[in-house]
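Residue-level structure breakdown
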Amino acid sequence: MRKIQSMISTASPDFRTYDAHNRRILTEFREKQEAARHSRQQRDLDRLEKQGKMRPRERIEMLLDPGTPFLELSSLAANMAYDGGSPSASSIVGIGVVSGREVMIRADDPTIKGGAWYPLTIKKIVRALDIAIENRLPVIHLCDSAGGFLQLQSDLFPDKFMGGRIFRNQSILSKMGVKQLALVFGHCTAGGAYIPGLSDYNVIVRGTGAVFLGGPPLVKAATGEEVSVEELGGADMHTSVSGSCDYPASSEAEAIHIGREIVAQWERPKKWDCQRETPEDPAYDPDELYGIIPDDIKKHFDMREVIARMVDGSRFHEYQPNYGTTLICGFAHIWGYKVGILANNGVLFNDSSLKGAHFMELCNQNNTPLVFLQNITGYMIGREYERRGITKDGAKMIMAQSCSHVPKFTVMCNGSFGAGNYGMCGRAFDGRFMFCWPNHQIGVMGGDQAANTLAEVKINQMKRNGGVVDEAEVQKLWEETRSAYQEQLSAYYSTSQLWDDGIIDPVDTRNALGVSISASLNAPLGDPGYGVFRF
Amino acid sequence: MGVAGWGAGRLAERGHTMSDPLFNKVLVANRGEIACRIMRTLTDMGISTVAIHHAAESKARHVQMADKAVEICGETPVAAHLDMGQIIEIARNLEVDAIHPGYGFLSENANFAAAVAEAGMTFIGPDAETIALMGDKISARNFAEKHNVAVAPSVMPTDDLDDFIEKAAGIGYPLLIKAAAGGGGKGMSIVREAGALVEAARVASSEAQRYFGDGRVYAETYVDHPRHIEVQVLGDGKGGAIHLFERECSVQRRFQKIIEEAPAANLSAELRDEICTSATRLAAAANYKNAGTVEYILGADGRFFFLEMNTRLQVEHPVTEMITGIDLVRAQIEIAAGKELPLPQSEVRTSGHAIECRICAENPEQDFMPETGVVRHLGVPEAEWLRFENALTHGQKITADFDPMLAKLVAHGPDRDAAIERSIAALGELALLGVKTNIDYLARLINHDAFRTAELHTGFIAQHRDDLAPEALNETERAQILAAAFLGFRQTRDLIVGTPEPHAAIGGWRN
Amino acid sequence: MGFQLILDGEEHDVAIVRRRPHLVLRIDGIQHEFSEIGGPGDGLHALKCGKHPIDFIRASDNERQIIRLGGRTFEVGLTDPFSEGMESGGNMDAVRSPMPGTVVSIQCKEGDTVVRGTPLVTIESMKLQTVLSAMREGTVAEILRAEGETFEKDAIIVMLEPETEKA
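Keep in mind it's a predicted model, so treat the numbers as computed, not measured.

**With respect to the interface of chain B and chain C**
Facing 33 residues of chain B, the contacting portion of chain C comprises 41 residues. When residues in the side of chain B that touches chain C are grouped by element, the largest group, ten residues, is from helix α19 (residues 475–486) of chain B. Among the residues forming the side of chain B that touches chain C, the class breakdown is 18 nonpolar, ten polar and five charged.

As structure tokens, this is what we get:
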């Protein structure tokens, strides 16, 4: 494979401008992330300390093998919801290594409202378990939650992908033979009790851990019975009487120690045989990504420069380099894993769509995982392109992409608009992982385009109704539309809604993909085959 | 390389071949390294071997080496090895021709020697009378004195202080006065000149009276910085005796030798000759039959005195074998079989220098207290100039049942300096893991300037105690040791090598 | 996550910092890089600390590693912060019968000092004799059943003096 020859001059004014711009964006991202992770009410932290509990992130750090990565997912979930009342959606989710085994770790966060589950908490947990199912990743639950956030019960309880889905997913995981371990540090009340209940193994901490369907107040209200937490669902009761819990622990540290020993008993996964080389650092410094992504979403940049800062040795075997040039296709290695990369380098035309579809078929034929690097404004529109069948060519690409049986990974690098999002493996297309850069925007169309479109519609309407166009009203509509779009287009908005698996620093993309690809290999490849391609 | 290399050549010329063994079957009434050492020569000589062992040592090396092994019973393993009747019974049943007692256990037991003879077998050692003569301190001393072998002058305890002072003055100075009933240094003093004798005797006597209620005092020549010199002799039992030169065994702890060498350093030719000749004289006078050792104490002033005679093979016999090329066990067997001495005195030559280190299961940092454990790893350096006398096996339990001596490391060199360097190198390479040993301590000791310059005396270890303590580890060394251990524990090693890729390569990254 | 190793009676902290391209351990706060880590198990191995190869011999003995390095032998232990195991911490004053049965014999008396594992009482149940032992160090406070007496499952047979705060 040939090394990509970068055309970037790090001394150029553009590079410096972009670099400063993107580092500002990154700083903002890191500040939001830092706050979501650590900014808490003092009284919540004091209460935790008084109970002798560790903070959830301390628990995770103690659980992980030292000197191994932890890929945290959706660290800014719910950052624009509930007036910021549920940072990280009151939950920590990520992939790490425990006792030498790759696992999904999911932790409640008792430093926010006693660890109560908000609707987006549930969405985040369900997504974590979906990832576990899709990638056959064992799950470790670090339980410490007051239960559902009752003020919002209608948004978290009844529907298909709400609370019950957690337990449905746990059951399915178990049926698939994927191990689950629950470490009960705090209360697991009501539905939460089923988390240890549906885990293959669980450990409960004496004094602070408790598992019950109804806590003492509920019991009192329902039957008048007065019972202490320990008696009702404490460690000794559950490990010696009910058998609902397996191992008692005298401290959180001991619970984690026992948990690590349990995981050490699990068989090491047999992954499918993805082609792998010895990893090599990229030849170009990934830090230069900040100077490559322009300061305006409208400015074009060459995605090869991004690929060069992400793949092993910056080597890239480009497929059909002269055909359908707005979609770059080719082979590379990420942390040694052979992948097929599809990267937008402009709007999708007929030829680029056909090339993409063909390239995905090649990758499926060779069991090569797919990596989509999105920077897409959509498929080309207009009479000429419709006559050439842009719709059916785009459909071919969507068909090839949807039916791919190799694992798919999507990184939203700059913009993702319209049907381009579909062709490039948007959220709806069951990619195994989807990451987003902090500068990225996503929507059915850009803010300007939406405002222009709506203004156009309004003007036509006014003309039809009376012929007089109220310029001020049109201007107002335009601005409102654009402003609303801008907010909803931002990466923070989409990650808040869990439309992705988290915003990542562009420089971290290589590691995030490395961990993700490795995780994906635990699940066997799906059945090959496609639907009907419209020719 | 085995002991056969040493002396076998010279003795082989004398015509003993496999087809004409001196004995058909010999029982070795011992265990451990010395049993193995003896059996090696027996096998070389075409003699069939019988081992005895307690149930606790049924898998020991000497048992595996022997042509036949018989279990002996006893309340303790040591008691079993001391059970004469049982051992003779076994020997008789197996139609053994001779019994070799090794050292320790029954080797200097006159009754055993007599019983063996009575049972119609050959005891490979002197006759019972000689053992009894030399086994008793007083009779041995008197015998030596009678045959003009210097003994340390002394004055027996008496109540008559004036008579005592007069006799004591006749011994010469320095002089050690002690309470007859005493101990612990009470009533003890060293008198260095005539003028101080009277007062010292009075003080000693009154102190003795006060502490022990017995005012009698005893005096003997005081030897400053005494060295322990011993002479290897061979006697044919008919008045013929030769010596194989001396060994120095001054480095001792808990009154036991831990380093022996041959020849003794810093010994003038005249003095060496005088000491060795006196030993031969003693052996000849006693009609001594077997290999034996005459032990002396040698003062800094060149005076030497008879201590005792050991009527058996010594632990440290290999150093003599290495410098003379004579296989002492073979010589013992030949003499026992009625053969003549292997060579006349005029043909005894020495070459180079040999040092023996006794490897013991003990903790030098805690007053050499014995240690127990299990042999988890044994790594022995090999060289033509090196003998490692041992009976160690992997997994062997080191218990308090027997002597803590595990093995002997014997190095030969063209001169003393070379032997020292080789000993240090060999000790450094020797690995005996699973029980605390004195290996590292011995290496430090031999490397000490005072050892290198042969400023030896029996108080060497006490004198240099501080110098001989292990050096504190520096940070780098400590880190290496901790890392080596960290990589050895299953739990921590798994954590290092059990990490999947690419996670191990990505390392402690957080996003 | 760090570990405590004991060398010459002193505790030392060892933590894994990274594994690639070379193992880095933080030992007592200082990072050391090992470009070779030697094979597993007992025997002769080589470490490479920085650029310096170091030969050493290692033997495992129970909970210790014995290391011979640079002509000296050392013993290193690994502390286990949870050596008391999972049974620790709970109410361990009461010795209960795991099944219904009869007391066959009593091997202790009130006031006896016991250690973990000291046999206290032999019971018989379903033709099977079982020895109930002390699960911790302590003093026998009370023996609640006499020889020949029967009892139900989970009955308390012996009580130990309540544990006082460890010094």
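**Observations regarding the interface of chain A and chain B**
Between chain A and chain B, the residue contacts involve 21 residues of the former and 14 residues of the latter. Among the secondary structure elements, those contributing two or more residues to the side of chain A that touches chain B are β1 (70–73) and α21 (509–520) of chain A. Examining the composition of the side of chain A that touches chain B, we find that five residues originate from one element, α21 of chain A, more than from any other. Grouping the constituent residues of the side of chain A that touches chain B by class yields nine nonpolar, seven polar and five charged.

**Things to note about the packing of helix α18 (residues 447–465) of chain A against helix α19 (residues 471–489) of chain A**
All names here are of chain A. The interhelical angle for the contact between α18 and α19, taken along N-to-C directions, is 150°, at an axis separation of 8 Å. Viewed along their axes, α18 and α19 adopt a mutual orientation that is roughly antiparallel. Here α18 and α19 pass one another in a crossing that is right-handed. Together, G447, D448, A450, A451, L454, A455, K458 and I459 of α18 and V474, L477, W478, T481, R482, Y485, Q486 and L489 of α19 make up the contact between the two elements. When the residues that make up the contact of α18 with α19 are grouped by side-chain class, the tally is ten nonpolar, three polar and three charged.

**With respect to the domain arrangement of chain A**
All names here are of chain A. Once the domains are mapped, chain A shows domain 1 (10–39 + 270–440 + 503–535) and domain 2 (42–265). Computed from C-alpha coordinates alone, the two centres of domain 1 and domain 2 are separated by 34 Å. With 15 residues of domain 1 at the interface, the matching set in domain 2 holds 14 residues. Those elements that provide at least two residues to the side of domain 1 that touches domain 2 are α1 (13–38) and α21. Residue contributions to the side of domain 1 that touches domain 2 peak at six residues, all from α21. Across the side of domain 1 that touches domain 2, the residue classes tally to seven nonpolar, five polar and three charged.

**A word on the nonpolar core**
In terms of nonpolar packing, the biggest core is built from 151 residues, with I99, Y296, L409, L442, L482 and A483 of chain B touching the most fellow members. A total of seven residues in this core trace back to one element, the largest contributor, which is α19 of chain B. Ignoring anything within four residues of it in the chain, the contact list for I99 of chain B reads V26, L27, A29, A91, V116, M121, F123 and I124 of chain B. By size, the runner-up hydrophobic cluster in this structure holds 145 residues, among which are I60, L64, V178 and I376 of chain A.

About the criteria used
- Residues numbered from 1 in each chain as written.
- Chains lettered and ligands numbered in written order.
- Predicted model: local features only at pLDDT ≥ 70, side-chain atom pairs only at ≥ 80, totals over all residues.
- Contact = placed C-beta atoms within 7 Å.
- Helix = DSSP H or I, 4+ residues; strand = E, 2+ residues; numbered from the N terminus.
- Nonpolar A, V, L, I, M, F, W, Y, C, P; charged D, E, K, R; others polar.
- Axes fitted to C-alpha atoms, helices over the stretch in contact; angles between N-to-C directions.
- Parallel < 35°, antiparallel > 145°, perpendicular 65-115°, else oblique.
- Left-handed = near helix turned anticlockwise from the far one by under 90°.
- Domains from an automatic or database assignment.
- Core = buried A, V, L, I, M, F, W, Y, C linked by C-beta atoms within 7 Å.
- Buried ≥ 20, exposed ≤ 12 C-beta atoms within 10 Å, placed from the backbone.

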